[in-house]
Amino acid sequence: MSDNSVRDNFHEAVLLIGIISNTGKSEFKSILSDFFIWLKKKGANYLVDEALKPYFEEFDHEYCPTKELGKRCAVVLSFGGDGTLLSTARAIGESETPILGVNTGGLGYLAEISPKELIDKFQDFLAGHYDIENRMLLEAVIEDQGVTNTYYALNDVVVDKGQSSRIIRLRTSINGDFLNVYRADGLLISTPTGSTAYSLSAGGPILEPTMQGIIINPICPHSLGHRPVVIREDKVIRIEADPRMAKQVFYCDGFQEQILSPKSLITVSKSQRVVRLIRMKDKHFYHILREKLNWGLDWE
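Definitions and cut-offs
- Every chain begins its residue count from 1, and numbering advances along the sequence as written.
- A pLDDT threshold of at least 70 governs which residues receive local features in this predicted model, and a stricter bar of 80 or more applies before side-chain atom pairs are shown or counted, although totals over entire chains, interfaces and linings include all residues.
- Side-chain descriptors were evaluated using all non-hydrogen atoms of the structure, hydrogens and water having been removed beforehand.
- As used here, the term nonpolar core means buried Ala, Val, Leu, Ile, Met, Phe, Trp, Tyr and Cys residues forming a set that is joined through side-chain atoms within 4.5 Å.
- The classification of residues rests on relative accessible area computed with a 1.4 Å probe and restricted to protein chains. Under 20% of the type maximum is buried, over 50% is exposed, and intermediate values are partly exposed.
- Numbering of helices and strands starts at the N terminus; helices are DSSP runs of H or I of at least 4 residues and strands are runs of E of at least 2.
- Only Phe, Tyr and Trp rings take part, Trp by its six-membered ring, and two of them pair if their centres are within 6.5 Å. Stacked means planes under 30 degrees apart, edge-to-face means over 60, and tilted covers everything else.
- Ring-over charges, as used throughout, are those where CZ of Arg or NZ of Lys falls within 6 Å of the ring centre and within 35 degrees of the ring normal.
- For salt bridges, the criterion is a side-chain nitrogen of Lys or Arg within 4 Å of an Asp or Glu carboxyl oxygen.

### Regarding the nonpolar core
Argument step 1. Among the nonpolar cores identified, the biggest contains 30 residues, and Ile 17, Ile 19, Phe 35, Phe 36, Leu 39, Phe 79 and Phe 122 are the most heavily contacted of them.
Argument step 2. Counting residues per element, the ones that place at least two in this core are strand 1 (16-21), helix 2 (28-42), strand 2 (45-49), strand 4 (75-80), strand 5 (99-103), helix 5 (118-126), strand 6 (130-144) and strand 17 (265-280).
Argument step 3. Here the element with the most residues in this core is helix 2; it accounts for 7 residues.
Argument step 4. Met 136, Leu 170, Tyr 182 and Ile 189 belong to the second-largest nonpolar core, a separate cluster that totals 25 residues.

### Points about the packing of aromatic side chains
Argument step 1. Tallying each qualifying case throughout the model produces 14 aromatic pairs.
Argument step 2. With centroids separated by 5.4 Å and ring planes inclined at 40 degrees, the aromatic side chains of Phe 122 and Phe 125 adopt a geometry described as tilted. Pair noted here: Phe 122 and Phe 125 are both in helix 5, with a separation of 3 residues, about one helical turn. In this structure, Phe 122 and Phe 125 share a single accessibility class: buried.
Argument step 3. Taken together through their ring pairs, the aromatic side chains of Phe 28, Phe 36, Tyr 46, Tyr 55, Phe 56 and Phe 59 make up a single cluster.
Argument step 4. Lying over the aromatic face of Phe 255, Arg 90 brings its terminal NZ or CZ to 4.2 Å of the ring centre.

### Brief notes about the pattern of salt bridges
Argument step 1. Across all of its chains, the model carries 12 salt bridges by this definition.
Argument step 2. The partner of Glu 257 in a salt bridge is Arg 90, with the nearest N and O atoms 2.8 Å apart. Here Glu 257 is found in strand 16 (residues 255-260), whereas its partner Arg 90 is found in helix 4 (residues 82-92), with 167 residues between them in sequence.
Argument step 3. A relative accessible area of 34% means that Arg 90 is categorised as partly exposed.
Argument step 4. One salt bridge connects Asp 234 with Arg 232, and the closest N-O pair in it is separated by 2.7 Å.
Argument step 5. What makes Arg 232 exposed here is its relative accessible area of 51%.
Argument step 6. Each of Glu 112, Glu 133, Arg 135 and Arg 279 takes part in one network of salt bridges that share partners.

This is the structure we're talking about:
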């Protein structure tokens, strides 16, 4: 799908909108109810994630399995926090359908539209006043006891010591060149998008989200010499699991994916796939940083 295809569909008045929401947020039902009423008045075509059906029995919606929304819709709205948007990106998968995030959660680096401005911003969206950003994904391939699994991450992948009270040792190389044996609670590999997530709390640098690069960031390292490293996006990272530790854990965008054996090999690289995020033209990355991190408040 080209960046102009969504706009073209709008002009033809055939746009099909997909709607996903985190039902754990206290105000989600009232926010979505008002939005559904507005969509119906506009004569908009939309599909609702079937997980929301028990909450909106009074509405005559057409429902759809979560994993089918990306295939059937031209755009998907994700109501929740950044975690919900990450889950939405996982559900959409290879369809690469553009996602518009509505922040009903906390910080909201990815889900940038607030419920109060939803109608105004969505009207701007309908008018074509938006951009589509292609965000890089990580592809992680795990080889463990003859079994190979592949995972994708918009924010980060993590190899963690799990329940153990001991630090973990992770031998790491880049394009076959030995880099380091990290002694830490874990090792985090982040995209630029993920640089404002777990990596930031682990002392990593902030990268512009549309740039190309990969952050290698040890979590609570045992040595001050173990510092975050930023490498080019075309590099391949190879991590050898700690041979002394039985139950290491692999996470992908905060989801526990796999328990690793001592002989596990993890290869992390840039994926050919992308996640396409819809950004409003008046929402700039630096503005979001200032707002979320309370920067520049003492300049008068």
